[in-house]
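# Survey of secondary and tertiary structure
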Amino acid sequence: MKYMLLMTGTKADFDWYARWPKQDLQAHFAFMHAFSMELKDSGAFVAAEGLAFPDQAKLVRAGSDGTPITDGVFPEAKEFLAGYWIVDVESPEEAYKIAARASAAPHPPRHGPGGPAENQPIEVRQVMSGPPEELL
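Structure report, in brief. (Residues numbered from 1 in each chain as written. Predicted model: local features only at pLDDT ≥ 70, side-chain atom pairs only at ≥ 80, totals over all residues. Heavy atoms only, no water.)

### With respect to helix α2 (residues 22-42)
- In this model α2 runs 30 Å from its N-terminal to its C-terminal C-alpha over 21 residues, within 8% of the 30 Å that 1.5 Å per residue would give.
- Taken together, the buried positions of α2 are L25, H28, M32, F35, S36 and L39. One face of α2 carries all of its buried residues, which in axial projection span an arc of 95 degrees. Facing away from the buried side of α2 by over 90 degrees, the exposed positions are K22, Q23, H33 and D41.
- Residues of α2 that are buried make contact with β1 (2-9), α1 (11-18), β2 (45-50), β5 (80-88) and α3 (92-103).
- Within two residues after α2, G43 carries a phi angle of roughly 90 degrees, on the positive side. (Helix = DSSP H or I, 4+ residues; strand = E, 2+ residues; numbered from the N terminus. Expected span 1.5 Å × (residues − 1). Buried < 20%, exposed > 50% of the residue type's maximum accessible area, 1.4 Å probe, protein only. Arc of directions from axis to C-beta. Contact = heavy atoms within 4.5 Å.)

Next up, the structure:
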């Protein structure tokens, strides 16, 4: 069964991340690289990518003639996708264990608004190969 593990954050989270000291960024990147290598070695890895900051994102809709109409990310958006992993495992519990490991990535302490940083929440969703049976 394939699962997508989604890492999201708020604008404040992205602003905080942009201010991390270099050594904290290096530790975080080293953890993520090692984590992906462990997933590859275990055979669970399907794909993983980090995404550009939300200020580089565009929303796209088709105009009446089919041409793309783009707009920036709207300020009222509460959360943004930061990156994801796709894993292929035997059970949801295995996906949850992998998500918990990703959640424990190192980060500097967070002070001020929002208080101390907790581990990053990771959303886990099954990748569907078709519509749910109950809809057919």
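Next comes the rest of the write-up.
### Comments concerning the packing of aromatic side chains
- Evaluation of the coordinates by the stated rule reveals seven aromatic pairs.
- Aromatic side chains Y17 and F53 sit 6.0 Å apart centroid to centroid with 40 degrees between the ring planes, which places their arrangement in the tilted category. Taken together, the positions of Y17 in helix α1 and F53 in the loop between β2 and β3 (58-62) put the pair 36 residues apart, joining distant regions of the chain.
- Overall, the relative accessible area of 22% leaves Y17 in the partly exposed class.
- For F53, a relative accessible area of 30% puts it in the partly exposed group.
- One aromatic cluster is present, formed by F14, W16, Y17, W20, F53 and F80 through successive ring pairs.
- A cation sits over an aromatic face here: K40 above F45, 4.9 Å from the ring centre. (Phe/Tyr/Trp six-rings, centres within 6.5 Å; stacked < 30°, edge-to-face > 60°. Lys NZ or Arg CZ within 6 Å of the ring centre and 35° of its normal.)

### What to know about α3
- The end-to-end C-alpha distance of α3 is 16 Å, a good match for the 16 Å that 12 residues give at a rise of 1.5 Å each.
- Burial in α3 covers these residues: A95, I98, A99, A102 and S103. In an axial view of α3, the angular spread of the buried residues amounts to 145 degrees, which keeps them on one side of the axis.
- Those residues of α3 hidden inside the fold are in contact with β1, α2, β5 and β6 (122-126).

### Quick notes on a negative patch on the surface
- Together, D88, E90, E93 and E94 line one region of the surface with negative charge.
- On the secondary structure map, E93 appears in helix α3. (Patch = residues over 30% accessible without salt bridge, like charges linked within 9 Å, V, L, I, M, F, W, Y side chains within 5 Å. Areas by Shrake-Rupley, 256 points an atom, 1.4 Å probe, with all protein chains shown as cover. Salt bridge = Lys/Arg side-chain N within 4 Å of Asp/Glu carboxyl O. Lys, Arg positive; Asp, Glu negative; His and termini not counted. Charge placed at Lys NZ, Arg CZ, Asp CG, Glu CD.)

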